[in-house]
Each structure stands twice: as structure tokens, then as C-alpha cells.
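Secondary and tertiary structure notes
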Amino acid sequence: YGHEATNEYIEQIGKRLLAELTQNPYKFEFHIVNMAEPNAFALPGGHIYVSRGLLPLVNSEDELACVMGHEVVHVMERHSVARMKKGILPAILQLPGNLIGGSVGGAINTPISFFSDLGLANYSRGQEKDADRIGARISAGAGYDPTTLAEILSRMTQEVEVLTGKEEKKSYLSDHPFTPKRVE
């Protein structure tokens, strides 16, 4: 997203958060991505992205720092790599069904896929809880108010509900914890 002053602002918050890490094997980069949905995400190796759609929802630098701290934790804890590793066995177990194909292959793979999705979602929710907890600690160490994470999470959920026309529902297949539980 080509707004240099905002990109620099994001970078400064990121540097302040990174100063709280005791070890940092990554070369972090912080960017704004031209995406209307309110979101932030991390890619392996230290690439943190804040969506353009998140920025209007942020009421303070503290809120933005808490979201970014959450994403820093995903990188530091290698959450995406761990999720990929967890998906290897189910993918292997589905090979026979994939080779057979058709309705028989689908019948073989349906229960494997369901239990795999259920297990990965539960695993991912645990990672999200860790990222919330540790990210709030990093943000607090950098001088930000960690309680503002709850405020921005609530606002993001409300915005997504407006955009989609659907209220968030608790689901065992969701890879994020139910927002009211996260806020609590």
C-alpha cells in the first residue's frame, strides 16, 4: 500500500515491539497491504502485514501495537510452520482416497478430512490464545496498554459482521477462538 508516512509509522511500532524480544532470529518487515477487510497476518520469516481496512478501526497506537504484537508472536513461535507439519499426516492418509477418486474416494476421505479439520482448528485456536497472551505481554513491555487488544478485537469482529451480514458464531471448526472468549 503506497502511503509512505503510514508505512513508516507501522515500521516504528514494529521496531518498538521487537526491542522487547530477548532473541530475534528473523529480519522482520512490517507493511500495509491494500485489503479492505480489517485484518493483520504474519508470514514465516518475519513478514507482518496490516490491512488498510484495519486502520480506520484503530482508535489508538496501543490497539495497533497489540495487533502487531500478536502477529510477531505467530512468527516467533513458528505457528504457521507448526500448522503445516500437523497437516502432513492427514494429507498422507487421504492419498488412497485421492487415488481411488469418485464417490468411493470421497467416502474414504470425508471422515479423515473432518477429524483433521477439527484437530487443526483446535490446534490453531491454541496458537491464537498464545499469540494474544504473549503479544499483550510484548506490547506492555514496549509501553503500550495491553488491555486495548480486547477493544480492537471486538471492533474488528463487529466490522466483519457488518461486511458479511453474518454474526460470528462459536464453531469447533473455527481456527480462531470465539471473540467474546478472547476479549474475556
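Preceding block: the structure.
Residues numbered from 1 in each chain as written. Predicted model: local features only at pLDDT ≥ 70, side-chain atom pairs only at ≥ 80, totals over all residues. Heavy atoms only, no water.

Concerning helix H2 (residues 61-76)
When the terminal C-alpha atoms of H2 are compared, their 22 Å separation across 16 residues agrees well with the 22 Å that a helix rising 1.5 Å per residue should span. With 13 of its 16 residues buried, H2 lies for the most part within the structure. Looking one or two residues beyond H2, the residue adopting positive phi is Arg78, at roughly 55 degrees. (Helix = DSSP H or I, 4+ residues; strand = E, 2+ residues; numbered from the N terminus. Expected span 1.5 Å × (residues − 1). Buried < 20%, exposed > 50% of the residue type's maximum accessible area, 1.4 Å probe, protein only.)

Here we look at the packing of H2 against helix H7 (residues 148-164)
Packing of H2 against H7 leaves a shortest axis separation of 8 Å and a crossing angle of 85 degrees. The orientation of H2 relative to H7 falls into the category roughly perpendicular. Each of Asp62, Glu63, Cys66 and Val67 in H2 lies in contact with H7, whose residues at this interface are Thr148, Leu149, Glu151, Ile152 and Arg155. (Axes fitted to C-alpha atoms, helices over the stretch in contact; angles between N-to-C directions. Parallel < 35°, antiparallel > 145°, perpendicular 65-115°, else oblique. Contact = heavy atoms within 4.5 Å.)

Focus: the nonpolar core
Counting residues in hydrophobic clusters, the biggest one holds 32 residues, and the most contacted among them are Leu17, Phe28, Phe30, Leu54, Leu64, Met68 and Ile152. For this core, the element with the most residues is H2, which contributes eight residues. Residues within four places of Leu54 in sequence aside, it is in contact with Glu37, Pro38, Asn39, Ala40, Leu64, Val67, Ile152 and Met156. (Core = buried A, V, L, I, M, F, W, Y, C linked by side-chain atoms within 4.5 Å.)

A closer look at the packing of helix H1 (residues 4-18) against H2
Contact pair H1 / H2: the axes reach a minimum separation of 10 Å and the direction vectors enclose 60 degrees. Crossing geometry of H1 relative to H2 is assigned as right-handed. Of the residues in H2, those in contact with Tyr9, Ile10, Ile13, Gly14, Arg16, Leu17 and Leu18 of H1 are Glu61, Leu64, Ala65, Met68, Gly69 and Val72. Residues belonging to the contact of H1 with H2 are distributed by class as follows: nine nonpolar, two polar and two charged. (Left-handed = near helix turned anticlockwise from the far one by under 90°. Nonpolar A, V, L, I, M, F, W, Y, C, P; charged D, E, K, R; others polar.)

A look at the packing of aromatic side chains
In the structure shown here, the tally under the stated rule is three aromatic pairs. When the centroid spacing of 6.0 Å and the interplanar angle of 15 degrees are considered together, the rings of Phe28 and Phe30 count as stacked. Accessibility expressed as a relative area gives 7% for Phe28, which makes it buried. Accessibility expressed as a relative area gives 2% for Phe30, which makes it buried. Measuring from ring centre to ring centre gives 5.3 Å for Phe41 and Tyr49, while their planes differ by 25 degrees; the resulting arrangement is stacked. Of the aromatic side chains, those joined through ring pairs into one cluster are Tyr26, Phe28 and Phe30. Taking NZ or CZ as reference, Arg16 lies 3.9 Å from the ring centre of Tyr144, over its face. (Phe/Tyr/Trp six-rings, centres within 6.5 Å; stacked < 30°, edge-to-face > 60°. Lys NZ or Arg CZ within 6 Å of the ring centre and 35° of its normal.)

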